[in-house]
There are 2 protein chains.
Amino acid sequence: MNNAIETLSAAIRNVPDFPKKGIIFKDITTLLMDKDLLKTAADLLTEKYQGKGITKVVGIESRGFVLGGILAYNLGAGFVLLRKPGKLPADTYSIEYQLEYGTDKLEIHKDSINEGDVVLLHDDLLATGGSAEAAAMLINKMNPKSLEVNFLIELEFLNGRDRLRFATVESLLKF
Amino acid sequence: MNNAIETLSAAIRNVPDFPKKGIIFKDITTLLMDKDLLKTAADLLTEKYQGKGITKVVGIESRGFVLGGILAYNLGAGFVLLRKPGKLPADTYSIEYQLEYGTDKLEIHKDSINEGDVVLLHDDLLATGGSAEAAAMLINKMNPKSLEVNFLIELEFLNGRDRLRFATVESLLKF
């Protein structure tokens, strides 16, 4: 397990100055494109939620769709898409949230989650937690039975977890 | 099998006038959010490629990431992301293609596919085939051993398949 975590962590590519100067971007494509690492990461993420009765996995567009989809499949849950504005065709709830400069928005179909659902929210990366907090708030407004949140990667020094205190948060790879 | 196809087809939601007037949008979120239908669709898509030695599944951003990721996981392949411009952080190849008005672009990481790869390109929907044709051309430039293409849905009356004559094309649900 510890060896697996080290191998997975080493497979993440650091890309300096992306998307802008001073940021070291954690590129997960080098992990996803390796068949063994993809399987290991998916299985380790799945393991923590087996037997918890998860009924819906919600993925944040768009990198959260890859492992989020696999999690839903593995857990025998449905998969729900949290998308950028204007992408979902039916009736949506939406939430606006603060970026460093300006605001952004996430949308979810109104019929996607109901009061009996045990929800797992997934994204690839927890950084400052802005989008994850907005996503969790949006889901909570739909009154699911419970909500857990998980990430492939957590950038611990950014303390994004503090903004998700109202939910149980797990991450596989910590930097 | 035929019953399963009918059930899956019936679960696709028709949204009139989205994204613009006159278009009836095929909304797959109603299928994905149902645990049984998600599993059935993923298993039927997987079945056709078992034993074919697929080494990489390539998904087109962003709906192609959901079932594409599950396909990669099920087939023991790696997963590669074909993304909109400016989203991939490392060195990319890109291709521009024609839309009804103007052009669009897809990018792929240069290190994502090599000459030994047996590639399966996946997207949720084949309509006029513009983005799928561009994606297939981009992948072929990287000289994989072979390329197959599949879709959850094919809108047969738009003849998108004609633009993919150089590859083997499969689709699960035909309208």
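Just above, that's the structure.
Structure report, in brief. A quick note: this is a predicted structure, and the numbers were derived from the prediction, not measured.

Quick notes on the rules
Residues numbered from 1 in each chain as written. Chains lettered and ligands numbered in written order. Predicted model: local features only at pLDDT ≥ 70, side-chain atom pairs only at ≥ 80, totals over all residues. Heavy atoms only, no water. Contact = heavy atoms within 4.5 Å. Buried area = accessible area lost by both parts, 1.4 Å probe. Salt bridge = Lys/Arg side-chain N within 4 Å of Asp/Glu carboxyl O. Polar contact = N/O pair within 3.5 Å; in protein donor to acceptor, adjacent residues only side chain to side chain. Buried < 20%, exposed > 50% of the residue type's maximum accessible area, 1.4 Å probe, protein only. Helix = DSSP H or I, 4+ residues; strand = E, 2+ residues; numbered from the N terminus. Least-squares fit on C-alpha atoms with pLDDT ≥ 70 in both. Core = buried A, V, L, I, M, F, W, Y, C linked by side-chain atoms within 4.5 Å. Pairing = 2+ DSSP bridges. Axes fitted to C-alpha atoms, helices over the stretch in contact; angles between N-to-C directions.

**Description of the interface of chain A and chain B**
A common way to report how large an interface is uses the accessible area buried once the components associate.
Turning to step 1, where the next piece is worked out: Each side of the interface is counted separately: chain A has 41 residues, and chain B has 41 residues.
Turning to step 2, where the next piece is worked out: Interface area, chain A with chain B, both sides summed: about 3,200 Å², of which 64% is carbon and sulfur.
Turning to step 3, where the next piece is worked out: A per-residue breakdown of the area chain A buries against chain B is headed by M33, Y73 and P89 of chain A, which together make up 23% of the total.
Turning to step 4, where the next piece is worked out: Linking chain A to chain B there are two salt bridges.
Turning to step 5, where the next piece is worked out: Taking the shortest distance from any N to any O, the salt bridge between D111 of chain A and R13 of chain B comes out at 2.7 Å.
Turning to step 6, where the next piece is worked out: Applying the counting rule to chain A against chain B returns 18 residue pairs in polar contact (both at pLDDT 80 or more).

**Here we look at helix α5 (residues 130–140) of chain B**
Turning to step 1, where the next piece is worked out: If you check which residues of α5 of chain B are buried, you get G130, A132, A134, A135, A136, L138 and I139 of chain B.
Turning to step 2, where the next piece is worked out: Those residues of α5 of chain B that are buried lie in contact with β3 (56–60), β4 (78–82), β5 (92–98), β6 (103–109), β7 (118–126) and β8 (146–154) of chain B.

**Some points on the relation of the copies chain A and chain B**
Two copies of a chain can be linked by a rotation about an axis combined with a shift along that same axis.
Turning to step 1, where the next piece is worked out: The two copies are related by a screw operation: chain A maps onto chain B through 180 degrees of rotation and 0.0 Å of translation along the axis, at an RMSD of 0.0 Å. Between the two chains, the operation in question is that of a two-fold axis.
Turning to step 2, where the next piece is worked out: Counting the interface residues of chain A, we find that 100% of their copies in chain B are interface residues as well, pointing to one common contact surface.

**So, the pattern of salt bridges**
Turning to step 1, where the next piece is worked out: Following the criterion strictly, the structure yields 26 salt bridges over all chains and no others.
Turning to step 2, where the next piece is worked out: Among the ionic contacts, a cluster of salt bridges with common partners joins R13 and D27 of chain A together with D111 of chain B.

**Side note on the side chain of T29 of chain A**
Turning to step 1, where the next piece is worked out: Here T29 of chain A shows up in helix α2 (residues 29–32).
Turning to step 2, where the next piece is worked out: With residues up to four places along the chain from it excluded, the contact list for T29 of chain A reads R13 of chain A together with L81, L88 and H109 of chain B.

**Focus on the nonpolar core**
Turning to step 1, where the next piece is worked out: Counting residues in hydrophobic clusters, the biggest one holds 68 residues, and the most contacted among them are L31 and L152 of chain A together with L31 and L152 of chain B.
Turning to step 2, where the next piece is worked out: Filtering out sequence-adjacent residues up to four positions away, L31 of chain A remains in contact with L8, A11, I12, L37, L38, A41, L152 and L173 of chain A.

**Section: the sheet that holds β4 of chain B**
All names here are of chain B.
Turning to step 1, where the next piece is worked out: On the basis of which strands lie adjacent, the open sheet formed by five strands has the order β4-β3-β7-β8-β9 and parallel pairing. Every interior strand has two partners, whereas the edge strands, β4 and β9 (168–174), have only one. Between one strand axis and the next, the sheet turns by 20 degrees as a mean value, whatever way the strands run.
Turning to step 2, where the next piece is worked out: The pairing of β3 with β4 spans five bridges and is classified as parallel. For G59, the partnering residue across the bridge sits in β4 and is L81.

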